[in-house]
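Topology and contacts: notes
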Amino acid sequence: GIKIYDVRPNCALVPFATFDSNDKLVNCIAEHPCGSEIAVSMEGSVYAFLTDSVGESFEPIDSWTVIPPKKHGPETTSSTTDKMQPQSTTGDGSDDDDDAEQVTALEFNFGGDLIATGGEDGNVRVWKYQTKQMIGLFDLQQ
């Protein structure tokens, strides 16, 4: 599961909230600037959670694949402006492939309308947060 702590001025960690990650590896968490949502990267996907008014419970509201699963066979190409469809939070959306690449960085812009992801595939992707439409792809391996 995921545990979130409040860091007090004396550096004490006080448990703040806990929720289930369904045994998926959690790489990073980003808090939405409005404070009522968090985004969590797990196994190549991003999951969005809505918090209650005191931040003690989290309700899954959306998820989408950020790093497409590796293709076995001939390479295919796709436009960088293709919309990646949100997945239902009822399915786990995972490929269960041990060599799946991970999302290793996650950050909202100041306004909260964009979210950037970075991954083991060497790409930084910029998304419209509400629609989950990828609007930018930067290959850092070139």
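Heads up: these notes are all about the structure in this document. Values in this document were obtained by computation on a predicted structure and should not be read as measured data. In this convention, every chain numbers its residues from 1, walking through the sequence in written order. Totals for whole chains, interfaces and linings use every residue, but because this is a predicted model, local features are given only for residues with pLDDT of at least 70 and side-chain atom pairs only at 80 or more, for both listing and counting. Hydrogen atoms and water are omitted, and side-chain values are computed over all heavy atoms in the structure.

1. Overview of the pattern of salt bridges
- Salt bridge, as used here: a side-chain nitrogen of Lys or Arg that lies within 4 Å of a carboxyl oxygen of Asp or Glu. Applying the stated rule across the entire model yields two salt bridges.
- Lys132 is the partner of Asp62 in a salt bridge, and the nearest nitrogen-oxygen pair spans 3.5 Å. On the criterion of sequence distance, the pair formed by Asp62 in strand 6 (residues 58-65) and Lys132 in the loop between strand 10 (123-128) and strand 11 (133-139) is long-range, its members being 70 residues apart.
- The exposure class of Asp62 is buried, given its relative accessible area of 17%.
- Residue Arg125 pairs with Asp121 through a salt bridge whose shortest N-O separation is 2.9 Å.
- Relative accessible area serves as the criterion here: at 7%, Arg125 is assigned to the buried category. Strands are runs of DSSP state E lasting at least 2 residues, helices are runs of H or I lasting at least 4, and numbering of each runs from the N terminus. Throughout this description, buried means an accessible area under 20% of the type-specific maximum (1.4 Å probe, protein chains only), exposed means over 50%, and partly exposed covers the range between.

2. Points about the pairing of strand 9 (residues 114-119)
- Strand direction decides the pairing type here: strand 8 (residues 103-108) and strand 9, joined by five bridges, are antiparallel. For Ala105, the partnering residue across the bridge sits in strand 9 and is Gly118.
- Strand direction decides the pairing type here: strand 9 and strand 10, joined by five bridges, are antiparallel. In the sheet register, Ala116 faces strand 10, and the bridge partner there is Val126.
- As consecutive antiparallel partners, strand 9 and strand 10 are separated by three residues, and within that stretch Gly122 has a phi angle of approximately 85 degrees, a positive value. We treat two strands as partners when DSSP finds at least two bridges between them.

3. A word on the packing of aromatic side chains
- Working definition: rings of Phe, Tyr and Trp (its six-membered ring) pair if their centres are within 6.5 Å, and the pair is stacked with planes under 30 degrees apart, edge-to-face with planes over 60 apart, and tilted otherwise. The full count for this structure, using the stated rule, is three aromatic pairs.
- Ring centres of Trp64 and Tyr129 lie 6.3 Å apart, and the angle between their planes is 65 degrees; on these two criteria the pair is classed as edge-to-face. Taken together, the positions of Trp64 in strand 6 and Tyr129 in the loop between strand 10 and strand 11 put the pair 65 residues apart, joining distant regions of the chain. Grouping residues by exposure puts Trp64 and Tyr129 together as buried.
- Plain terms: the ring middles of Phe108 and Tyr129 are 4.9 Å apart, the flat faces sit at 80 degrees to each other, and that makes the pair edge-to-face. Of this pair, Phe108 sits in strand 8 while Tyr129 is found in the loop between strand 10 and strand 11, placing the two residues 21 residues apart along the sequence.
- Since its relative accessible area comes to 7%, Phe108 is described here as buried.

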